[in-house]
Amino acid sequence: TSVPLETVTAMTVVVREVIKEVSVPVGVNVLANDYKAELAIAYATGAKFIRVENLVDYVVSDTGVLLPAASELQRYRKTLGAWNIKILGDVQVKHTYPLVKKDIRESAIEAEKRGMADAVIVTGAATGVAAPVETLKAVKEVVSIPVFLGSGITAENISQYIKLADGFIIGTYLKVKGITTNPVDPERVKKLMNVVRELRREL
């Protein structure tokens, strides 16, 4: 789906300002699955990656049917010459249902081979819900690119996943009272990172 022009403009300004202030790689995600807006914003601002919620599957969501982004995204990437911008592609992303029943491993393989993803993202069924450990393991076994866990990570459960996932996308847990729409809670961030530092010592 395409977002309004004012959304693209506002996000471009915000992303550029964030990039000025931090030394870590910054990425772009525009809901729901507006991959052209994501790539355009990243290209204009110098962001390093985009998150594409629906790269290779046909799925139904609360915003309607989402079509695979892969072919048009790669054509647009070529037009811009934006090969330096990495693509992180979700497979059977949260809050959606596949129109055709398909094993998530098939989606992951397609994301790597046909979607030219630089990494794949595995999520649970909804925001704040982690994917089963078995699902993450299954995807890791069939792709050669990094696999990120994109939902449901907390200070209490990250120990189950840290040796399996190559990275994590964490949002809800870091908000006040663990509510997605609340501001970030610095104490929750500190708690999570303290756990991560301890776990890293054991790796």
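As shown above, the structure is provided for reference.
Residues numbered from 1 in each chain as written. Predicted model: local features only at pLDDT ≥ 70, side-chain atom pairs only at ≥ 80, totals over all residues. Heavy atoms only, no water.

Asker: I tried to follow the packing of aromatic side chains on my own but got confused; where do I start?
Answerer: The way to describe two aromatic rings as a pair is by their centre distance and the angle between their planes. Counted by the stated rule, this structure contains zero aromatic pairs. A cation sits over an aromatic face here: Lys-36 above Tyr-76, 5.6 Å from the ring centre. Over the aromatic face of Tyr-173 sits the side chain of Arg-188, whose NZ or CZ is 4.9 Å from the ring centroid. (Phe/Tyr/Trp six-rings, centres within 6.5 Å; stacked < 30°, edge-to-face > 60°. Lys NZ or Arg CZ within 6 Å of the ring centre and 35° of its normal.)

Asker: What is the right way to read helix 1 (residues 5-21) from this model?
Answerer: If you check helix 1, its first and last C-alpha atoms are 25 Å apart, about what 17 residues at 1.5 Å a residue would give, namely 24 Å. Looking only at helix 1, the buried set comprises Val-8, Val-15 and Ile-19. The arc that holds every buried residue of helix 1, seen down its axis, measures 35°, which confines them to one face. Across helix 1 from its buried face, at more than 90 degrees, point the exposed residues Glu-6, Val-13, Val-14, Lys-20 and Glu-21. Among the structural elements, strand 1 (27-28) and helix 2 (35-45) are those in contact with the buried residues of helix 1. (Helix = DSSP H or I, 4+ residues; strand = E, 2+ residues; numbered from the N terminus. Expected span 1.5 Å × (residues − 1). Buried < 20%, exposed > 50% of the residue type's maximum accessible area, 1.4 Å probe, protein only. Arc of directions from axis to C-beta. Contact = heavy atoms within 4.5 Å.)

Asker: Help me understand the pairing of strand 7 (residues 119-122), please; the structure alone is not making it clear to me.
Answerer: A regular strand carries its side chains on alternate faces of the sheet. By the alternation rule, side chains of strand 7 split into Ala-119 and Ile-121 and Val-120 and Val-122, which are all buried. Alignment of strand 5 (residues 86-90) against strand 7, held across three bridges, turns out to be parallel. Residue pairing for strand 7: Asp-90 is matched across the bridge by Ile-121. Note: strand 7 against strand 8 (residues 147-149), three bridges, orientation parallel. Following the sheet pairing, Val-122 is matched in strand 8 by Leu-149. Since strand 7 and strand 8 lie parallel, the crossover through helix 5 (residues 133-142) that links them has a hand, and here it is right-handed. (Pairing = 2+ DSSP bridges. Right-handed = clockwise from strand over helix to strand, strands pointing away.)

Asker: Help me out: how do you make sense of the sheet that holds strand 3 (residues 59-61) in this one?
Answerer: Paired through backbone hydrogen bonds, the strands of a sheet run either parallel or antiparallel to each other. The strand order 4-3-6 describes an open sheet built from three strands, whose pairing is antiparallel. The sheet is open, and its two borders are formed by strand 4 (64-66) and strand 6 (96-98), each paired with just one other strand. Strand-to-strand twist across the sheet, computed as the mean angle between neighbouring axes with direction ignored, equals 30°. (Axes fitted to C-alpha atoms, helices over the stretch in contact; angles between N-to-C directions.)

Asker: Looking at this structure, how should I read the sheet that holds strand 1?
Answerer: If you walk across this open sheet you meet the six strands as 1-2-5-7-8-9, and the pairing is parallel. Each edge of the open sheet is held by one strand with a lone partner, namely strand 1 and strand 9 (167-168). In this sheet, strand 9 lies alongside strand 8 in parallel orientation, the contact comprising two bridges. Among the inter-strand pairings, Leu-149 is bridged to a residue of strand 9, identified as Phe-168. Its contacts with the sheet put helix 5 on strand 7 and strand 8, and the angle it makes with strand 7 is roughly 160°.

Asker: Help me out: how do you make sense of the side chain of Lys-175 in this one?
Answerer: Mapped onto the elements, Lys-175 comes out in the loop between strand 9 and helix 7 (186-202). Despite its burial, Lys-175 pairs with no opposite charge, the nearest such side chain being Asp-185 at 11 Å. The residues touching Lys-175, leaving out its near neighbours within four places in the chain, are Thr-180, Asn-182, Pro-183, Val-184, Asp-185 and Arg-188. (Lys, Arg positive; Asp, Glu negative; His and termini not counted. Salt bridge = Lys/Arg side-chain N within 4 Å of Asp/Glu carboxyl O.)

Asker: Please clarify how the packing of helix 1 against helix 2 should be interpreted in this entry.
Answerer: Packed helices, taken two at a time, are described by their axes: the angle between them and the distance between them. One can describe the packing of helix 1 onto helix 2 by two numbers: an axis separation of 9 Å at closest approach and a directional angle of 40°. Taken together, the axes of helix 1 and helix 2 are oblique relative to one another. Considering only the axes of helix 1 and helix 2, their crossing is right-handed. Only Ala-37, Ile-41, Ala-44 and Thr-45 of helix 2 make contact with helix 1, whose side of the interface consists of Val-8, Met-11, Thr-12, Val-15, Arg-16 and Ile-19. (Parallel < 35°, antiparallel > 145°, perpendicular 65-115°, else oblique. Left-handed = near helix turned anticlockwise from the far one by under 90°.)

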